[in-house]
Amino acid sequence: MRIPFTQVDAFAEAAFGGNPAAVMMLSSWPDDATLLAIARENNLSETAFLVASDGGEADFELRWFTPGDEVEMCGHATLASGHVVLSSDTTRQWVRFATRHAGVLEVARDGLGYSLSLPERTPVAEALPGVVDALGVEGVVETLLHPAGYAVVVVDDAATVRACTPDFAALAGAGRYVVILTARGGAGEADVVSRVFVPAFAIDEDPVTGSAHAVLTPYWTAKLGCDAFVAEQASARGGRLRCRMDGDRVVLGGGCVTVIEGTFLLP
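Just so we're clear, the structure is a prediction, and the values are computed from it rather than from any experiment. (Residues numbered from 1 in each chain as written. Predicted model: local features only at pLDDT ≥ 70, side-chain atom pairs only at ≥ 80, totals over all residues. Heavy atoms only, no water.)

Relative to the elements of secondary structure, Glu46 occurs in the loop between helix H1 (32-42) and strand E3 (47-52). For the buried Glu46, which has no salt bridge, the nearest side chain bearing the opposite charge is Arg176, at an N-O separation of 10 Å. The residues contacting Glu46, other than those within four sequence positions of it, are Pro20, Ala21, Ala22, Trp64, Phe65, Thr66, Val71, Cys74, His76 and Ala77. (Helix = DSSP H or I, 4+ residues; strand = E, 2+ residues; numbered from the N terminus. Buried < 20%, exposed > 50% of the residue type's maximum accessible area, 1.4 Å probe, protein only. Lys, Arg positive; Asp, Glu negative; His and termini not counted. Salt bridge = Lys/Arg side-chain N within 4 Å of Asp/Glu carboxyl O. Contact = heavy atoms within 4.5 Å.)

Within strand E12 (residues 178-184), six of the seven residues are buried, which leaves it mostly tucked inside the rest of the structure. In this sheet, E12 lies alongside strand E11 (residues 150-155) in parallel orientation, the contact comprising five bridges. Across the sheet, residue Val152 finds its bridge partner in E12, namely Ile180. Pairing geometry for E12 and strand E13 (residues 192-198), over six bridges, is antiparallel. Its bridge partner lying in E13, Val179 is registered against Phe197. (Pairing = 2+ DSSP bridges.)

Now for the nonpolar core. Residues Phe11, Leu50, Trp64, Leu79, Phe97, Val107 and Ile180 are the most contacted members of the largest nonpolar core, which totals 52 residues. Core analysis: the second largest hydrophobic core is formed by 20 residues, Leu128, Val153, Val155 and Val179 among them. (Core = buried A, V, L, I, M, F, W, Y, C linked by side-chain atoms within 4.5 Å.)

Under the counting rule described, the total for this entry stands at 13 salt bridges. Across the salt bridge formed by Asp32 and Arg63, the nearest N and O atoms sit 3.0 Å from each other. Placement of the pair is Asp32 in helix H1 and Arg63 in strand E4 (residues 60-65), with a sequence separation of 31 residues. A salt bridge links Glu70 to Arg63; the shortest N-O distance between them is 2.8 Å. Taken together, the shared-partner salt bridges in this structure form one network comprising Asp32, Arg63 and Glu70.

Our focus in this paragraph is helix H6 (residues 210-224). For H6, with 15 residues, the first-to-last C-alpha span of 20 Å sits near the 21 Å given by 1.5 Å per residue. Of all the bends in H6, the greatest, near 35°, is centred on Leu216, and the proline Pro218 appears no more than four residues after it. H6 sits mainly inside the fold: 12 of its 15 residues count as buried. Those residues of H6 lying buried are Gly210, Ser211, Ala212, His213, Ala214, Val215, Leu216, Thr217, Pro218, Tyr219, Trp220 and Thr221. Within two residues after H6, Gly225 carries a phi angle of roughly 70°, on the positive side. (Expected span 1.5 Å × (residues − 1). Bend = angle between axes of the 7 residues up to and from the residue.)

This is the structure we're talking about:
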C-alpha cells in the first residue's frame, strides 16, 4: 500500500523550527496496531492520519499517534493537517476535522499562517508532589490538573523553566500526564514561557504543543488580565504561538513549513 506522506514543521516560520508532524492521507482506517506501527516508523512526536469524512460537520476524520500510543488531542499535528489540506486547494479558507475525543477542530487561513480552534481546558488546583519532585524545580507558585491528563506546574521565574532538567523515568512514573512547566515571561521575552514533557507517551520533551496551550490560555489570560498573549515554548527547537480566548474556545495562531513530501510504502 502506498500512502501519501507529508512532514510539516508546525508553529514554525522557517524549516527546522516548531514541532515536526507527519500527515498521512488514508482511504480507510486500518487496525490500530498498524497505525501505531507507522507512527513508530516515522518516529516523530506525532503522526496525523486523515480519512475523508462522509458526515456534514467535518471534511475529514482525524486521529493522532505518538510512537507510544494514540492521543486524544494534538494541536500541532492538527495545524499541520490543515496546512496540507489548504495548501493543496488554494480556494479553501478553512477545513474541519472530526476527532474521536476532542470534537470538531477547525484550521483556517490567518494572514501568512493559520489559526487553530481548540476546546478550552481550564485546569484546577491539584497537588502534584511526584511531578514536582521529578521536575526538580524550585519556586513553585501552584500546581494544577485537567482531567484529560494535563499536569501544570507554575513557577515564579522563566529562567527556571528554561533550566529544568527533569528525571524522565520518575516523571513517567508519576502518572500518565502531559506535564507543562510554565512561568510569566521575563523582560524582552514572550508574555508566557513553557516547556512540555511527555515521557509517559514515549516523548521526553515535545518541541511545541498546541494542546498544552488549550490549558495554558484560559489560565494565563485570567492571571494576566487579558484576552490574548504571545507564548514561547522554550524547547531546543522552540516556537511561538499567538494565543487568545474566543468564548469557550482557544484560538492558536502560527505558521507551517512543509519539509518532506513523498510516499510511505506499507508492506
